[in-house]
Amino acid sequence: FQGDQGETGTSGTPAMASRPWGFMAILGMICGIFFGVASLLAYFIDVEPVDREMSGGNPGDDFSVVQGGCNITSHRFIQKKYCTSHCTKPRLKTEACTFWVEYTGIRMDSGDSFFDQFVALGGVSCSTVPSLPATPEIGEVTPCWKTNLNSTPNVYQCACTTYFASCSTHAGNCTKITDPAILWQQAQQANGDSMVYVWFFLGASILCLLPFLSFILWRCFGRSKGTEIVPEE
């Protein structure tokens, strides 16, 4: 009777000891899958589309300087509100605003009208009273650039008042009073910032999966070392 009880105790101990490790392994697997999916989504939603847009592009080839510049005929601010906290609770909800400045004008080389927009202030209080940039002023002829492409990539923010990754490709004429090379650099910087999140989520996924992988290795190799083979008599 004592021998049978000893065998049960010996064989039951590893099973009892493996339970917390098994629980940790399951949590690690779920955590790893979650962050792995987040990494994939961050890449294919924020990074890959912009990489594809910028592949083979070059601001110097995509745009040409407008001969004679552009005559500015008007400018105004566009205010966009967005929620920052307690968005589902109207009485507690807080908001911030982004102010876009919009210019309209005439291209001196063709007489065609155009408009251009860019962020003046972002993430500020909606009570802010923004000031227009010192230049260009109404009636001023300023340097500008026109697209050489039939379909201009969204990184150049043609006729778009949202973050460049949310802009659609512009199929019509696009004229910019901001140097396209600057817009290209901004897109590269923003894409690099998005890639930081991709690596963060990927690293978190790997760290979460370590307990799961360790448990699998222990189950496959660690327990086999404790198994004794009794020769047949």
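Model, not experiment: these values are computed from the prediction.

Draft legend 1. Region of the structure containing the side chain of Thr152. For Thr152, the position within the fold is in the loop between β6 (145–147) and β7 (175–176). In terms of polar contacts, Thr152 uses its side chain to reach the side chain of Thr147, at 3.0 Å.

Draft legend 2. Structural view of the sheet that holds strand β2 (residues 70–85). Sheet architecture is open: four strands sit in the order β4-β3-β2-β5, paired in antiparallel fashion. Of all the strands in the sheet, just β4 (113–124) and β5 (141–142) have a single pairing partner and so form its edges. Summarising the sheet, strand β3 (residues 94–107) and β4 pair through nine bridges and their orientation is antiparallel. From the neighbouring strand, Tyr103 faces β4, where its bridge partner is Asp116.

Draft legend 3. How the structure looks around the state of the cysteines. Applying the stated criterion to the full structure yields four disulfides. Sulfur-sulfur distance for the disulfide between Cys31 and Cys208 comes to 1.9 Å. With Cys31 in helix α1 (residues 2–54) and Cys208 in helix α3 (residues 180–225), the pair connects residues that are 177 residues apart, well separated along the chain. In this model, Cys83 is linked to Cys87 through a disulfide, with the two sulfur atoms separated by 2.0 Å.

Draft legend 4. Region of interest: unusual backbone geometry. Of note, the phi angle at His86 is positive, near 50 degrees, even though the residue is not glycine. Within the secondary structure, His86 is located in the loop between β2 and β3. Residue classification places His86 among the partly exposed positions, given a relative accessible area of 43%.

Draft legend 5. Highlighting the nonpolar core. Val50, Met54, Phe63, Trp145, Val155, Tyr156, Cys158, Cys174, Leu183, Trp184 and Ala187 form the largest nonpolar core, which has eleven residues in total. Contributions of two or more residues to this core are made by α1 and α3. A per-element tally of this core places α3 first, with three residues. Non-local contacts of Met54, meaning those with residues more than four positions away in its chain, are made with Val155, Trp184, Ala187 and Gln188. Formed by eight residues, the second largest nonpolar core is a distinct cluster that contains Val101, Tyr103, Phe114 and Ile177.

Draft legend 6. Main features of the sheet that holds β7. An order of β1-β6-β7 is seen for the three strands of this open sheet, with the pairing classed as antiparallel. Lying at the two open borders of the sheet, with one neighbouring strand each, are β1 (63–65) and β7. Across three bridges, the pairing between β1 and β6 is antiparallel. By the bridge assignment for β6, Val65 is matched with Trp145.

Draft legend 7. View of the pairing of β3. Taking burial as the measure, the 14 residues of β3 include ten buried ones, the bulk of the element. The pairing of β2 with β3 spans 14 bridges and is classified as antiparallel. Within β3, the position partnered with Cys70 by the bridge is Arg107.

Draft legend 8. Representation of the pattern of salt bridges. In total, this model carries six salt bridges according to the counting rule given. Measuring nitrogen to oxygen at the nearest pair gives 2.6 Å for the salt bridge that ties Glu48 to Arg52. Residue Glu48 and its partner Arg52 are both found in helix α1; the two are separated by four residues, about one turn of the helix. For Asp116, the salt bridge identified is with Lys176, shortest N-O distance 2.6 Å. Placement of the pair is Asp116 in strand β4 and Lys176 in strand β7, with a sequence separation of 60 residues. For the pair formed by Asp116 and Lys176, the shared burial category is buried. A single salt-bridge network, built from bridges that share partners, covers Arg107, Asp109 and Lys146.

Draft legend 9. Seen up close, the packing of aromatic side chains. For the structure on display, the rule yields seven aromatic pairs. Judged by centre distance (5.9 Å) and plane angle (35 degrees), the rings of Tyr156 and Trp184 are tilted. Highlighted residues: Tyr156 in the loop between β6 and β7 and Trp184 in helix α3, separated in sequence by 28 residues. Take Tyr156: its relative accessible area is 0%, and that puts it in the buried class. Note on Trp184: relative accessible area 9%, which makes it buried. One aromatic cluster in this structure is built from Phe34, Phe35, Phe200 and Phe201.

Conventions used here
- Residues numbered from 1 in each chain as written.
- Predicted model: local features only at pLDDT ≥ 70, side-chain atom pairs only at ≥ 80, totals over all residues.
- Heavy atoms only, no water.
- Helix = DSSP H or I, 4+ residues; strand = E, 2+ residues; numbered from the N terminus.
- Polar contact = N/O pair within 3.5 Å; in protein donor to acceptor, adjacent residues only side chain to side chain.
- Pairing = 2+ DSSP bridges.
- Disulfide = S-S within 2.5 Å.
- Buried < 20%, exposed > 50% of the residue type's maximum accessible area, 1.4 Å probe, protein only.
- Core = buried A, V, L, I, M, F, W, Y, C linked by side-chain atoms within 4.5 Å.
- Contact = heavy atoms within 4.5 Å.
- Salt bridge = Lys/Arg side-chain N within 4 Å of Asp/Glu carboxyl O.
- Phe/Tyr/Trp six-rings, centres within 6.5 Å; stacked < 30°, edge-to-face > 60°.

Bear in mind that shape data such as this cannot, by itself, settle questions of function.
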